[in-house]
Amino acid sequence: MFKKLDVRTKIIIVLCISTPAVLIQDPYILTAVFAVSILLSLFTGSNLKMVFKKLSNVWYIFLVLVLLQSIFSGSGQKLLSIGGLTILTAGGIIKGVEFVLRLMIIIISATIMTTSNHREIIQGLNQFKVPYEISFMVSVAIRFLPMLSSEIKNTLIAVQLRGIEIEKLKFFKRISLYRYIFYPVLINTVKKAQGISIAMEARAFRAYPYRTSYLILKFRAIDYFIIPVSFLLAISLILYYYFFD
Amino acid sequence: MSSLSGGLLGFIELKNVDFSYEGGMPVFENISLVFSGTGCTAITGPNGSGKTTLGKLMIGIIEPLNGSVLLEGKNLKNITPGQTGQKIGYLFQNPDLQLFTLNVRDELSFAGRFMGRSDGSIESEVDEMLRIFQLSRLQDRIPFNLSRGERQRLALACLIINSPGYLILDEPTTGLDSTGEKMLLDLLRSQIKNGTGLCVISHDNDFIKALGCRIIRIDKGKIVDKNV
Amino acid sequence: MIYPLEIKNLSFKYAQEGKNILNGLNLKISSSEITAITGPSGSGKSTLCYCIMGIIPHIYQGVLEGDVLIYGRPVSKMKVSEIAVSAGIIFQDPDTQLFSPAVEDDIAFGPENLCIDRKEIDRRIVESLEMTGMQKHRFSDPDRLSGGEKQLIAIASVLSLNPDIIIFDEAMSQLDEKSAARVRSIMGGLKKSGKAVIAVENELKNLKMADCLYVLENGVLHEEEING
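As a convention, each chain's residues are numbered from 1 in the sequence order in which they are written. Here the convention is simple: chains get letters from A, ligands get numbers from 1, in the order in which they are written. Given that this is a predicted model, residues contribute local features only at a pLDDT of at least 70 and side-chain atom pairs are listed and counted only at 80 or more, while totals for whole chains, interfaces and linings are drawn from all residues. Hydrogens are left out, water is left out, and the side-chain values use all remaining heavy atoms of the structure.

If you look at soluble globular proteins, the nonpolar side chains tend to sit buried side by side. To form a nonpolar core, buried Ala, Val, Leu, Ile, Met, Phe, Trp, Tyr and Cys residues must be joined to one another through side-chain atoms within 4.5 Å. Buried, partly exposed and exposed residues are distinguished by accessible area as a fraction of the type maximum, computed with a 1.4 Å probe on protein chains only: under 20%, between the cut-offs, and over 50%, respectively. Membership of the largest hydrophobic core comes to 45 residues, with the highest contact counts inside it found for Leu177 of chain A together with Ile12, Leu14, Phe35 and Ile168 of chain B. With 5 residues, the top contributor of residues to this core is strand β2 (residues 26-35) of chain B. Setting aside anything within four residues of it in sequence, one finds Leu14 of chain B in contact with Ile31, Ser32, Leu33, Phe35, Leu54, Met58, Ser68 and Val69 of chain B. Formed by 41 residues, the second largest nonpolar core is a distinct cluster that contains Ile90, Ile153, Val183 and Leu213 of chain C. For helices the rule is a DSSP run of H or I covering at least 4 residues; for strands it is a run of E covering at least 2, with both sets numbered from the N terminus onward. Contact between two residues is taken to exist if any of their heavy atoms lie within 4.5 Å; hydrogens are not considered.

Our next topic: empty space enclosed by the protein. Residue and element names in this part refer to chain A. Only protein atoms enter the 1 Å grid used here, on which a cavity is any set of points holding a 1.4 Å probe that cannot leave and a pocket is any open set flanked by protein within 12 Å on both sides along at least five of seven lines; residues with an atom within 4 Å of a point are listed as lining. Grid points are joined across faces, edges and corners, and a volume is the space filled by probe spheres set on the points. Under the defined criterion, the tally for this structure stands at 7 cavities of 30 Å³ or more. Of the pockets and cavities examined, the largest cavity occupies roughly 120 Å³. Looking at the lining of the largest cavity, the element that brings in the most residues is helix α7 (residues 132-160), giving 5 residues. Of the residues contributing to the lining of the largest cavity, the split by class is 9 nonpolar, 3 polar and 5 charged. Residue classes follow a fixed rule: Ala, Val, Leu, Ile, Met, Phe, Trp, Tyr, Cys and Pro count as nonpolar, while Asp, Glu, Lys and Arg count as charged, and any other residue, Gly among them, counts as polar.

Turning our attention to the pattern of salt bridges. When a carboxyl oxygen of Asp or Glu is within 4 Å of a side-chain nitrogen of Lys or Arg, the pair counts as a salt bridge. Counting across every chain of the model gives 30 salt bridges over all chains. Among the ionic pairs, Arg211 of chain A bridges to Glu112 of chain C, the shortest N-O distance being 2.8 Å. Note that Arg211 of chain A is positioned in the loop between α8 (171-201) and α9 (221-244) and Glu112 of chain C in helix α4 (residues 103-113), a pairing that runs across two chains. Residue Arg211 of chain A is classed as buried on the basis of its relative accessible area of 14%.

On the side of chain B, 12 residues touch chain C, which itself brings 13 residues to the contact. When two parts are put together, the accessible area they lose, computed with a 1.4 Å probe and summed over both, is reported as buried area. Carbon and sulfur atoms make up 40% of the surface buried where chain C meets chain B, a total of about 950 Å² over both sides. Three residues stand out in chain C for area buried against chain B, namely Arg144, Gln174 and Asp176 of chain C, and they jointly supply 42% of the buried area on that side. Between chain C and chain B we count 0 salt bridges in total. Class assignment for the residues of the side of chain C that touches chain B results in 2 nonpolar, 8 polar and 3 charged.

All names here are of chain A. Domain boundaries in chain A define domain 1 (1-116 + 218-245) and domain 2 (117-214). One C-alpha centre belongs to domain 1, the other to domain 2; they are set 28 Å apart. Tallying the contact residues gives 7 residues for domain 1 and 8 residues for domain 2. Summed over both sides, the interface of domain 1 with domain 2 buries roughly 600 Å², with 76% coming from carbon and sulfur. For the pair domain 1 and domain 2, the number of links is 0 salt bridges. For every domain, the bounds stem from an assignment made automatically or drawn from a database.

All names here are of chain C. Helix axes use the C-alpha atoms of the stretch in contact, all axes being lines fitted to C-alpha atoms, and the angles between their N-to-C directions lie in the range 0 to 180 degrees. Put simply, α4 and helix α5 (residues 118-132) touch, their axes get as near as 9 Å, and they point 120° apart. The angle between α4 and α5 falls in the class oblique. For α4 against α5, the interelement crossing comes out right-handed. Residues Val103, Glu104, Ile107, Ala108, Pro111 and Glu112 of α4 form the contact with α5, whose own contacting residues are Ile121, Ile125, Ser128 and Leu129. These descriptions rest on fixed angle ranges, namely under 35 degrees for roughly parallel, over 145 for roughly antiparallel, 65 to 115 for roughly perpendicular, and the rest for oblique. Each helix crossing is assigned a hand: it is left-handed if the near helix lies turned anticlockwise from the far helix by less than a right angle, otherwise right-handed if that turn is clockwise.

Have a look at this one:
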């Protein structure tokens, strides 16, 4: 049932989850929103397992974020200090955890969009009255992100296949090798983008200020139910936090 | 035939390999192949038959789902791409993926420099490659701005300068006109004569015949024909 | 007489190059004919195609002289997307020509831009899939298709625009014999339905069905006997 949600409903759900996440600064409410975002993401059929696997590769970034937040916005009980410099405080850690939760909520709710293909996303934006040139630009950008990451991975292998044993290089030499990965990735991406834009124009893209669409999105009963409920929940959560809590 | 049917230790060996791309249909199911370290083997077949995929498996750009790929008896999984690259030169279908610098000369020399070779010994080899591949007048140009055929030649020169014992070339004739093709043919023949093993992935039957390769024909992920 | 396509004294020089790649080139293209253009790599075949489509001078810049006229209108005064109403092009590399998640979306893309209504778009999807023999792939993801299938879908996506002039810019160079034969038969069908077909190829063997053959050399075209 959730898997066939209209892409416009999904856009609204993402907005209704990420807006409170940005506005609210309460670890308990954020945890609840986090749980909801995971549930919704699972219901819509996104590949959460893979997202978590990728995130777990960069867990140390999250640790650094918590630490930085803790150092710069410390408050409350001191937990750890080195030579007079307070590193960890109870309040700081809570702030740090909040920050990471917020980031996770945004990342996970965004995975809901990956369950629609980019043609649907373009059409969803168009039917939200976004000009078609802008929605196409957005969709090309979405399509290029995964392409870019696989391009980087492949180039890294290709450069090693020249017979360069990365493992044996000293730290600074290894860093300077990454410079060589930069050119082909950049140039191939620009070339591909240019190729696609030429192919699009050569098929009459932007010949007229309007275009028709073969794909038409239609809301179903479930969409009419979920959209108002999402708005209602998001607004009441924000109101509750600002006026009653 | 004997070198194909297993038993003998080959240079590159695929053992009961299964492969499919993420979320896609299986490309290979339980294929086994042995490539000897000398002479010429051609992998041919229609578009979409899995030729390029097979080449990528042989060099370890992609890993088999099941089964193993061995290089000189060692599982590719346990060898770094750097080590593989010292033994095998791999020409990508799209040469843009293996040009990394902003100058033709640098392109030929940078890998050697990274591996700690002295400038003097590299420069004379670079000059030789520029001569063999008729790239001398282009030596200060930016590789990405060269024509398709010129980039193809440069990519190939960058492999040969490493003097690997084995070459895997994916569609090497793409973008070459008949003069370029003839030059490539002569070069590969002399490489084979000097004991370099060669595996050509190509749908260009005339080219394969001219090289006199042993042919492995694949279709829809199955080996349909193996000729000596 | 007004030709669908007429090229008058066309010269072009890329900004970073020293000499002209096209040098006072003339050509007239008629309906219901297949015009073949060949020439060594780097001779400017693709440049000529870009000039016809208005990609030069609108997207790639350089020094352009002379005129390309489509039904008597100079392309230099039209946007590429306007030219696309009369002339369609299939490029060598199918990967940059397909950008939709499903084949039918890619075929619908052109007619959508022409503001054609859904019923007619549906008819054109069915028709172009039939012409290319790709009916079974209507709902497939183009990324999952083989190179040959992708190229046929790229052709279908141009056919759905129903242009009078159709250019195949080395569209067969990466195809195996079976797919290339399919493309040749599509060209034959287009000729019968009154289209002006331009087939640009490196290899003569793909050009036997042409009505006239030109060789591009030193920036100008020479007409040659088809079987000469």
